[in-house]
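# Commentary on secondary and tertiary structure
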Amino acid sequence: MKCNIGKTDRMLRAIVGVAVIILGVIFNSWFGLIGIVLLATALFRFCPAYFPFSIDTSKNDDGTSCGGGGCGCGK
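Residues numbered from 1 in each chain as written. Predicted model: local features only at pLDDT ≥ 70, side-chain atom pairs only at ≥ 80, totals over all residues. Heavy atoms only, no water.

### Some remarks on the overall build of the protein
- From N to C terminus, the protein includes two helices and zero strands.
- Scored against the burial criterion, the 75 residues of the protein give a buried share of 31%.
- Contacts spanning at least 24 positions in sequence make up 68% of the contacts within the protein whose residues lie at least 6 apart.
- Here the protein has roughly 5100 Å² of accessible surface; of this, 72% comes from carbon and sulfur atoms. (Helix = DSSP H or I, 4+ residues; strand = E, 2+ residues; numbered from the N terminus. Buried < 20%, exposed > 50% of the residue type's maximum accessible area, 1.4 Å probe, protein only. Contact = heavy atoms within 4.5 Å. Areas by Shrake-Rupley, 256 points an atom, 1.4 Å probe, with all protein chains shown as cover.)

### Notes on the environment of Cys3
- Note that Cys3 resides in the segment before helix 1 (7-26).
- In the structure, Cys3 is positioned 43 residues away from Phe46 in sequence and 5.1 Å away in space, judged by C-alpha atoms.

### Thoughts on helix 2 (residues 33-44)
- With 12 residues, helix 2 extends 17 Å between its outermost C-alpha atoms, agreeing within 8% with the 16 Å of an ideal straight helix rising 1.5 Å per residue.
- What helix 2 keeps buried is the set Gly35, Leu38, Thr41 and Ala42. Across the axial projection of helix 2, the buried residues extend over an arc of 125°, all falling on one side.
- Those residues of helix 2 that are buried are in contact with helix 1.
- A positive phi of about 55° marks Arg45, the residue just after helix 2. (Expected span 1.5 Å × (residues − 1). Arc of directions from axis to C-beta.)

Put into structure tokens, the structure is as follows:
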């Protein structure tokens, strides 16, 4: 998997993911599972929905580090 999520995108996904999980727990809703998906894509820095459209928000990053997370981009 090639990293296709940049730093800003990653931070937003993590913050929104945590918020959605908390709201899912508070309201006892399955909607909170969407937050897990957002956190997972932030962790692995790969979004399968970006792939078919060739979206890459990491292009503007400095390129020195992929940030870990096991994305396998080789950086």
